[in-house]
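# Examining the three-dimensional arrangement
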Amino acid sequence: MLESNKAVAPVRGNVCLFTTAIAADFKDVSFKYLNENGEYSNFVPADSVTIAETATEVYIGDKVALNTTILPENATTRELIFSSSDLSVAIVSQKGEVTFINEGTVTISVSVLDAEEATDTITFNVAAKLSKIEISNKITSANVGDIFTCKVNIVPGDYVTELEFTSTDPDIATVTADGKVTFHKSGTVTIKVRSKEFAGIVDTMTVTVAGESSADNGGDGLPAAAVIGIVCGAVVLVGAAAIVTVMIVKRRKK
């Protein structure tokens, strides 16, 4: 049997000292590396690396920091290499932070340095994020009793999101979940629509409401514009829809 000998070979990121006890069949080979404490330790190769993320549906502008696990836990080399299958869709830093910049499908790969078999991948589907919602048929004035339905445009047009409508003053106007506004009394009111998914994406419509409701005149059931007076022995009711005159006739004394 040949005697053992020692030689020094570089390993990226460390200085590796490997000792070979050379037999006739060259089976007994061991490796050591110079650790950060200046001591020589056994070199343990990485067997695998795994990406922990499971959510693969993302939007343009999103950023994801990939969490990885290297096995065995005491593997010597822990430096990772990340890459993107399509740089027009997503870019990835060597710290594993992925930035999605366009629509499409992209695969992010990771491998352990100097361990070709220790690799893993994850594939993301990147969609356009909601950028704007707007009431396309806005009005600025209405009358008491009017009913108006808001039409909402969503940008991009193929994006699906749940909308929420609110009124700043339900006494003046109420709005249903599907955007139908009913004006109840005079005043100024703002109708707001927002995305439930992205609370910061909103649009508003401010409306001045004219006229009075029937409840505003004392609750006597007359039209809002009714005027009561006596003219030449007649009771005159002047309303928005009709004029009614009731004549009072006195009998002449004999």
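Residues numbered from 1 in each chain as written. Predicted model: local features only at pLDDT ≥ 70, side-chain atom pairs only at ≥ 80, totals over all residues. Heavy atoms only, no water.

### Focus: the sheet that holds strand β18 (residues 163-167)
With respect to topology, four strands assemble into an open sheet ordered β15-β22-β21-β18, the strand pairing being mixed. Across the chains shown, the open sheet's two edge strands, defined by having one partner strand only, are β15 (141-143) and β18. Neighbouring strand axes in the sheet, compared pairwise and without regard to direction, differ in orientation by 30 degrees on average. (Pairing = 2+ DSSP bridges. Helix = DSSP H or I, 4+ residues; strand = E, 2+ residues; numbered from the N terminus. Axes fitted to C-alpha atoms, helices over the stretch in contact; angles between N-to-C directions.)

### Structural notes on the pairing of strand β11 (residues 97-100)
Looking at chain direction, strand β7 (residues 63-65) and β11 are connected through three bridges and run antiparallel. Following the sheet pairing, Lys-63 is matched in β11 by Thr-99. Pairing of strand β10 (residues 90-92) with β11 involves three bridges; the strand directions are antiparallel. Residue pairing across strands places Val-92 opposite Val-98, the latter belonging to β11. From the end of β10 to the start of β11, which pair antiparallel, there are four residues, and Gly-96 there has a positive phi angle of about 90 degrees.

### With respect to the nonpolar core
Ranked by size, the top nonpolar core spans 24 residues in total, and within it Leu-66, Phe-100, Val-106, Ile-108, Val-112 and Phe-124 carry the most contacts. Taken together, the elements giving at least two residues each to this core come down to β5 (48-51), β9 (80-84), β10, β11, β12 (104-112) and β13 (115-127). At five residues, the largest contribution of residues to this core is made by β13. Look past the residues within four positions of Phe-100 in its chain and what remains in contact with it is Val-58, Tyr-59, Ile-60, Gly-61, Asp-62, Val-64, Val-89, Ala-90, Val-106, Phe-124 and Val-126. By size, the runner-up hydrophobic cluster in this structure holds 21 residues, among which are Ile-135, Cys-150, Val-181 and Phe-198. (Core = buried A, V, L, I, M, F, W, Y, C linked by side-chain atoms within 4.5 Å. Buried < 20%, exposed > 50% of the residue type's maximum accessible area, 1.4 Å probe, protein only. Contact = heavy atoms within 4.5 Å.)

### Observations concerning the packing of aromatic side chains
Each aromatic ring pair is specified by the distance between its two centres and by the angle formed by the two planes. According to the stated counting rule, one finds four aromatic pairs in the structure shown. Look at Tyr-59 and Tyr-159: their rings are 6.0 Å apart centre to centre, the planes differ by 55 degrees, and that puts the pair in the tilted class. With a gap of 100 residues between them, Tyr-59 in strand β6 (residues 57-59) and Tyr-159 in the loop between β17 (152-155) and β18 connect regions that are remote in the sequence. Its relative accessible area of 9% is what places Tyr-159 among the buried residues. Note on Phe-100 and Phe-124: the rings are 5.0 Å apart at their centroids and 65 degrees apart in plane angle, and the pair reads as edge-to-face. Here Phe-100 is found in strand β11, whereas its partner Phe-124 is found in strand β13, with 24 residues between them in sequence. (Phe/Tyr/Trp six-rings, centres within 6.5 Å; stacked < 30°, edge-to-face > 60°.)

### Focus: the confidence of the model for the protein
Counting all residues, the mean pLDDT for the protein is 78, and 69% of those residues have values of 70 or more. Of all helices and strands in the protein, the one with the weakest mean pLDDT is strand β25 (residues 243-247) (39), whereas strand β19 (residues 173-175) scores best (98). Counting interchain partners and residues more than four positions distant, the pLDDT-below-50 stretch residues 1-28 has 44 contacts. (pLDDT = per-residue confidence, 0-100.)

### A look at the side chain of Thr-190
Within the secondary structure layout, Thr-190 lies in strand β21 (residues 187-195). Here Thr-206 takes part through its side chain, which lies 3.0 Å from a polar atom of the side chain of Thr-190. When near neighbours in sequence (up to four residues on either side) are disregarded, Thr-190 contacts Thr-166, Ser-167, Thr-168, Thr-204, Met-205 and Thr-206. (Polar contact = N/O pair within 3.5 Å; in protein donor to acceptor, adjacent residues only side chain to side chain.)

### Topic: the environment of Ser-111
Topologically, Ser-111 is positioned in strand β12. In the structure, Ser-111 is positioned 61 residues away from Thr-50 in sequence and 9.1 Å away in space, judged by C-alpha atoms. Apart from residues lying up to four places away in sequence, Ser-111 is in contact with Val-49, Glu-79, Leu-80, Ile-81, Ala-118 and Thr-119.

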